[in-house]
Amino acid sequence: MDRVRFGILSTAKIGIEKVIPAMQQGHLCEVTAICSRTPDRAEKVAEQLDIPTAYGSYEELLSDPTVDAIYNPLPNHLHVPWTLKALEAGKHTLCEKPIGLSADEAQQLADQSASYRDLKLMEAFMYRFHPQWEKAKALVDQGDIGELRTINSVFSYFNDDPENIRNKPEMGGGGLMDIGCYCISLARFLFDDEPEAICGSVEFDPVMGIDRLASGVLRFARGTSTFTCSTQLVPDQGVTIYGTEGKIEIEIPFNAPPDVPTRIWLTRDGRTEEIRFEVCNQYTLQGDAFSRSILENTEVPTPLTDAVNNMKAIEAVFKSAETGTWIEP
């Protein structure tokens, strides 16, 4: 096998618009099947994206012996149940973030997935595979900004549609689960450590019940990371990484465009250097990285313990906001 054959679990928007077209450009993976609980919908998307096989149920897809791996972009509350079903069916699984609704649910998945030693499972935080993040991480690790001391990140958009799944708390909606998870993930990634304590402030939508504005401070052994995320603000995103001798700014840290070059800035000794990156698709890179771990039988780039720890940090933000105290994740 020189390519991993993927089946797509549902016709979710992120899959149709971003992930599937990107994975179809990969060198190590191909999309061979898709499913929907509405057969006509599956057939329409399959024709639209040139996917050979369409199924009218999730179960049919999981029982297809020609499918090696599953990409799970279902709503958050279905991540763990259907990822477990995929593993039970003998499929490697790339599951969208966040891995589950809680740290306990994520740990449940980690515990049960340990029984499937021959199968790969990874949470899909695509940003980490973009060269701009690989470079930023390398600059930090090499000491190009001196000692890493603090990070500031922001991620926001405006969506007040009550019918949107991101605004349904029972389905895992809300800003922290949808986009704040990136701000927490990147801090843990750059510090290469877990936060010792977390302080948070959260504002909930009075009608929909989801968190619409959240800010947090993560305290690490070597420094801090602050963030704000919102589902009801002007769309924006940005990351600034501060060290004792310099800083790194990432212009489009999360939704890096797949059709234009990206750039970051390194400032040191009073001079700012622009570092540009050629056009690439972070979803393609993610798909190939996960597929490589399957083909070569190596560890996945991001272990499931990382997903569990990210969920612990998200929960700590909520708990801190509720209690008004610092929380140890």
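A. Summary view of the overall build of the protein. When helices and strands are tallied, the protein shows nine helices and 14 strands. On C-alpha atoms alone, the protein measures out to a radius of gyration of 20 Å, which is about the 20 Å that the 2.2 N^0.38 rule sets for 329 residues. Dimensions along the principal axes, computed over C-alpha positions, put the protein at roughly 55 × 45 × 40 Å. Per-residue burial for the protein yields a buried fraction of 57% across its 329 residues. Looking at the protein alone, contacts between residues at least 24 apart form 67% of all its contacts between residues at least 6 apart.

B. Structural view of a negative patch on the surface. Taken together, the side chains of Asp 192, Asp 193, Glu 196 and Glu 328 present a region of like negative charge at the surface. Checked against the element boundaries, Asp 193 lands in the loop between α7 (175-191) and β8 (197-204).

C. Just the sheet that holds strand β14 (residues 271-277), in detail. Here we have eight strands laid out as an open sheet, ordered β8-β9-β10-β7-β11-β12-β13-β14, and mixed in their pairing. The open sheet has two edge strands, β8 and β14, and neither has a second partner. When strand polarity is set aside, the average angle formed by the axes of neighbouring strands in this sheet is 15°. Relative to the sheet, α7 contacts β7 (148-158), β8, β9 (211-219), β10 (224-230) and β11 (232-243), its axis offset from that of β7 by approximately 160°.

D. Looking closely at the nonpolar core. Ile 151, Leu 190, Ile 241 and Ile 248 are the most contacted members of the largest nonpolar core, which has 86 residues in total. For this core, the leading source of residues is α7, giving twelve residues. Excluding residues within four positions of it along the chain, Ile 248 makes contact with Ala 136, Leu 139, Val 140, Ile 145, Val 239, Thr 240, Ile 241, Ile 264, Trp 265 and Leu 266. Membership of the second largest hydrophobic core comes to 13 residues, among which are Ile 70, Leu 74, Leu 78 and Trp 82.

E. Structural view of the packing of helix α4 (residues 79-88) against helix α5 (residues 103-113). Where α4 contacts α5, the two axes come as close as 10 Å, and the packing angle between them is 5°. Classed by the angle they form, the pair α4 and α5 counts as roughly parallel. Contacts from Val 80, Pro 81, Thr 83, Leu 84 and Leu 87 in α4 reach Glu 105, Gln 108, Leu 109, Gln 112 and Ser 113 in α5. A breakdown of the residues in the contact of α4 with α5 according to their chemical character gives five nonpolar, four polar and one charged.

F. Geometry of the sheet that holds strand β1 (residues 4-9). Read across the sheet, six strands follow the order β3-β2-β1-β4-β5-β6 without closing on themselves; strand pairing throughout is parallel. Among the strands making up the open sheet, the edge pair consists of β3 (53-55) and β6 (121-124). The sheet shows a mean angle of 25° between the axes of neighbouring strands, taken without regard to direction. Examined bridge by bridge, strand β2 (residues 29-35) and β3 share three bridges and lie parallel to one another. Directly across from Ala 33, in β3, lies its bridge partner Thr 53. Against the sheet, helix α1 (residues 13-23) contacts β1, β2, β4 (69-72) and β5 (92-96), and its axis sits at roughly 150° relative to β2.

G. Seen up close, the pairing of strand β13 (residues 262-268). Across the seven residues that make up β13, a large majority, five, are buried. Strand direction decides the pairing type here: strand β12 (residues 246-250) and β13, joined by five bridges, are antiparallel. Residue pairing for β13: Gly 246 is matched across the bridge by Arg 268. In this antiparallel pair of consecutive strands, β13 and β14, the connection spans two residues, and Asp 269 shows a positive phi of 55°.

H. Local environment of helix α8 (residues 282-295). Under the 1.5 Å per step criterion, the end-to-end length of α8 is 20 Å for 14 residues, consistent within 8% with the ideal 20 Å. The buried count for α8 comes to eleven of 14 residues, which makes it a mostly enclosed element. Every buried residue of α8 is accounted for by Gln 282, Tyr 283, Thr 284, Gln 286, Gly 287, Asp 288, Ala 289, Phe 290, Ser 291, Ser 293 and Ile 294. Where the residues of α8 are buried, they touch β1, α1, β2, β4, β5 and β6. For α8, the N-terminal capping position is held by Asn 281, with its side-chain oxygen 2.9 Å away from the main-chain nitrogen of Tyr 283. Of the residues flanking the end of α8, it is Asn 297, one or two places downstream, whose phi is positive at about 55°.

I. Inspection of the side chain of Ser 153 at higher detail. Its location among the elements puts Ser 153 in strand β7. Filtering out sequence-adjacent residues up to four positions away, Ser 153 remains in contact with Cys 183, Leu 186, Thr 226, Phe 227, Thr 228, Gly 238 and Val 239.

J. Region of the structure containing unusual backbone geometry. That bond from Lys 97 to Pro 98 is cis: its omega, -15°, falls within 30 degrees of zero. Its identity as a non-glycine residue notwithstanding, Asp 50 has a phi of 60°, on the positive side. Judged by relative accessible area, which is 67%, Asp 50 ranks as exposed. The backbone of Asp 192 sits at a positive phi, close to 55°, despite the residue not being glycine. For Asp 192, a relative accessible area of 63% translates into the label exposed.

Conventions used here
- For every chain, the first residue of the written sequence is number 1, and numbering continues from 1 onward in sequence order.
- The model is predicted, so local features are restricted to residues of pLDDT at least 70 and side-chain atom pairs to those at 80 or more, both for listing and for counting; the totals for chains, interfaces and linings are taken over all residues.
- Hydrogens are left out, water is left out, and the side-chain values use all remaining heavy atoms of the structure.
- Helix numbering and strand numbering both begin at the N terminus, where a helix is a DSSP run of H or I of at least 4 residues and a strand a DSSP run of E of at least 2.
- We compute the radius of gyration over the C-alpha atoms and compare it with the globule rule, which gives 2.2 Å times the number of residues raised to the power 0.38.
- The classification of residues rests on relative accessible area computed with a 1.4 Å probe and restricted to protein chains. Under 20% of the type maximum is buried, over 50% is exposed, and intermediate values are partly exposed.
- Working rule for contacts: check all heavy atoms of both residues, and any pair within 4.5 Å makes them a contact.
- Residues enter patches when their relative accessible area tops 30% and they take part in no salt bridge; the joining distance is 9 Å for like charges and 5 Å for the nonpolar side chains Val, Leu, Ile, Met, Phe, Trp and Tyr.
- Using a 1.4 Å probe, accessible areas were evaluated by the Shrake-Rupley method; residue-level cover was limited to the displayed protein chains.
- Each salt bridge in this description consists of a side-chain nitrogen of Lys or Arg and a carboxyl oxygen of Asp or Glu lying within 4 Å of one another.
- Asp and Glu count as negative and Lys and Arg as positive, but His and the ends of the chain are not part of the count.
- In this description, the location of a charge corresponds to atom NZ of lysine, CZ of arginine, CG of aspartate or CD of glutamate.
- Two strands are counted as paired when DSSP detects at least two bridges linking them.
- In this analysis an axis means a line fitted to C-alpha atoms, helices contributing only their contacting stretch, and an angle means the value between N-to-C directions, from 0 to 180 degrees.
- Here, nonpolar core refers to any group of buried Ala, Val, Leu, Ile, Met, Phe, Trp, Tyr and Cys residues whose side-chain atoms link them within 4.5 Å.
- Geometric relationships in this document are graded by angle, where less than 35 degrees denotes roughly parallel, more than 145 denotes roughly antiparallel, 65 to 115 denotes roughly perpendicular, and other angles denote oblique.
- Residues are sorted three ways: Asp, Glu, Lys and Arg are charged, Ala, Val, Leu, Ile, Met, Phe, Trp, Tyr, Cys and Pro are nonpolar, and all the rest, Gly among them, are polar.
- A helix is expected to span 1.5 Å multiplied by its residue count minus one.
- Any N or O atom pair separated by 3.5 Å or less is treated as a polar contact, with the protein-specific requirement of one donor-capable and one acceptor-capable atom, and with residues adjacent in sequence counted only for side-chain atom pairs.

It is worth stressing that arrangement in space is one thing and function is another; only the former is reported here.
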